[in-house]
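# A closer look at the structure
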Amino acid sequence: MVLRRTMAWVGGLSGLLVATVLTSATIGYADIGPLTAAYVILNGVSVPAVAASGVSWTQPFAFDVAPKTGLIIRQLRLPRILLGAIVGFALALAGTVMQGFFRNPMADPSIIGVSTGAATGAVAYLVFGAALPVGVVFGVLPTPLSAALSGWGLSVAAFLGALVAGFGVYLIATDGDRTPVATLLLAGVAIQTFLGAVISYMLLHAGDGLEEAIYWLMGHLQQSTWGRIRLALPVVVVFFVLLLAYARDLNVLLLGEEDAHTLGIDVEHTKRVLLAASSIVTAAAVAVSGVIGFVGLIVPHVMRLLVGPDHRILLPTSALAGAIFLVATDTVARMGPGEMPVGIVTAALGAPFFLFLLRRREVHAL
């Protein structure tokens, strides 16, 4: 029964995601129809073919599309759309885990300081650049390799900053072999506040990097590339599979730690895995897009109302809905005469929704 419901929801949301991607690919300064966009996407599909010489890749589709149109879709619109889908998928996935972990519908991926840690790493890289360990490492590499990796410095700094913050909060909150949820939450708030002060100080001394730093903090997808997709996608897929394997344990944790222990769950080990996996997923998303808020708050809560609290269904459906949501909001963000960072759109939608939750539901006691 659970598998059937999951497949039905996943199939429906996957179809909606495809429709959203095609619709988004048609929107822009160049007028491109949905059928033409579909042709361009299909022309890029490769499938393995077995021959006597071994396995090779072939492209089964060869629709007639104008070269300029193909270039616009493949190099400009599609990387941005797919990166938006990956980031939305990751943030909604992490938000679902955090809401289940804290048993609170107002938890989100940034609750333990991961997003603020990523922001600290990114702003530090933009302000200090080559003086940071990341810059020093790039500086001592051979010139061709250093040039090839130089474009990854900002993402690497953000990713490392997120991991340091997330695991730092865990270490601070851990007492012996136990990590109380209340202590974890309070440590996260303290670290976020401290890192916010660090970011403010660095922005005061940002100089020429101030505009780029503020723009990154808003959260955007304007600089999407196939390279960023290759950077984020493997991390998100691997840890999605891991979190899906812990869906049942997350269900049992909803009953409370004592009941979960009675039912045979290794509570502390499960908490460590859930925290580490959701932190890494969030770090991968923030590293390639900046700080995009409220996706991990809105989407899991809405999907919980639709499919119920069973994380075996909720995790994949929330992740897919997050991908749809961010692709749609980014499409709205780039429809105006001047493109807005998508973080502005998600915040404009998320803040009223957060207030709605405060008015309609009690905050769960920790």
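Reading the values: rules and limits
Residues numbered from 1 in each chain as written. Predicted model: local features only at pLDDT ≥ 70, side-chain atom pairs only at ≥ 80, totals over all residues. Heavy atoms only, no water. Helix = DSSP H or I, 4+ residues; strand = E, 2+ residues; numbered from the N terminus. Rg over C-alpha atoms; globule rule 2.2 N^0.38 Å. Buried < 20%, exposed > 50% of the residue type's maximum accessible area, 1.4 Å probe, protein only. Contact = heavy atoms within 4.5 Å. Lys, Arg positive; Asp, Glu negative; His and termini not counted. Charge placed at Lys NZ, Arg CZ, Asp CG, Glu CD. Salt bridge = Lys/Arg side-chain N within 4 Å of Asp/Glu carboxyl O. Polar contact = N/O pair within 3.5 Å; in protein donor to acceptor, adjacent residues only side chain to side chain. Axes fitted to C-alpha atoms, helices over the stretch in contact; angles between N-to-C directions. Parallel < 35°, antiparallel > 145°, perpendicular 65-115°, else oblique. Left-handed = near helix turned anticlockwise from the far one by under 90°. Nonpolar A, V, L, I, M, F, W, Y, C, P; charged D, E, K, R; others polar. 1 Å grid on protein atoms, 1.4 Å probe; cavity = no way out; pocket = protein on both sides within 12 Å on 5 of 7 lines; lining within 4 Å. Points joined across faces, edges and corners; volume = space filled by probe spheres on them.

### Quick word on the overall build of the chain
Along the chain, the regular secondary structure elements total 16 helices and two strands. Radius of gyration (C-alpha) of the chain: 21 Å, near the 21 Å computed for a compact globule of 366 residues. Considering only C-alpha atoms, the chain reaches an extent of 60 × 55 × 50 Å along its principal axes. Across the 366 residues that make up the chain, the buried fraction comes to 50%. Partitioning the intrachain contacts of the chain with sequence separation of at least 6 by distance along the chain shows that 75% fall at a separation of at least 24. In the chain, 19 side chains carry a positive charge and 18 a negative one; their mean positions are 8 Å apart.

### Quick look at the pattern of salt bridges
Scanning the model with the defined rule gives five salt bridges in all. For Lys271, the salt bridge is made with Glu257, and the minimal N-O distance between the two is 3.0 Å. One end of the pair, Lys271, is in helix H13 (residues 267-289); the other, Glu257, is in helix H12 (residues 257-262), with 14 residues separating them in the sequence. Relative accessible area serves as the criterion here: at 3%, Lys271 is assigned to the buried category. A single salt-bridge network, built from bridges that share partners, covers Glu257, Glu268 and Lys271.

### Details of the side chain of Thr331
Structurally, Thr331 can be placed in helix H15 (residues 311-333). A polar side-chain atom of Thr331 sits 2.7 Å from a polar atom in the side chain of Ser24. Leave out the neighbours within four places in its chain, and Thr331 touches Ser24 and Ile27.

### A closer look at the side chain of Gln99
By secondary structure assignment, the location of Gln99 is in helix H3 (residues 67-102). Its relative accessible area of 3% is what places Gln99 among the buried residues.

### Observations concerning the environment of Leu91
Along the chain, the position of Leu91 falls in helix H3. Look at Leu91 and you get buried, because its relative accessible area is 5%. Residues Leu91 and Leu297, spaced 206 residues apart in sequence, show a C-alpha to C-alpha distance of 8.9 Å. Ignoring any residue separated from it by four or fewer positions in sequence, one finds Leu91 in contact with Pro109, Thr282, Ala285, Ile292, Val295 and Gly296.

### A look at the packing of helix H1 (residues 2-26) against helix H14 (residues 295-307)
H14 packs onto H1 with a crossing angle of 130° between their chain directions and a minimal axis gap of 13 Å. On the basis of the axis angle, H1 is oblique to H14. Crossing of H1 over H14 shows right-handed handedness. Judged by residue contacts, Arg5, Trp9 and Leu13 of H1 engage Met303, Leu306 and Val307 from H14. Of the residues contributing to the contact of H1 with H14, the split by class is five nonpolar, no polar and one charged.

### Quick notes on empty space enclosed by the protein
Tallying each qualifying case throughout the model produces two cavities of 30 Å³ or more. Its volume calculated, the largest cavity comes out at about 60 Å³. As for the largest cavity, its lining consists of Gly100, Phe101, Arg103, Val181, Leu253, Glu257 and Lys271. Broken down by class, the residue content of the lining of the largest cavity amounts to three nonpolar, one polar and three charged. If you add up the space inside the second largest cavity, you get close to 30 Å³. The wall of the second largest cavity is formed by Ala94, Met98, Pro109, Ile112, Val114, Ser278, Ser279 and Thr282. If you list the elements that add at least two residues to the lining of the second largest cavity, you get H3 and H13. Broken down by element, the residue count for the lining of the second largest cavity peaks at three residues, all from H13.

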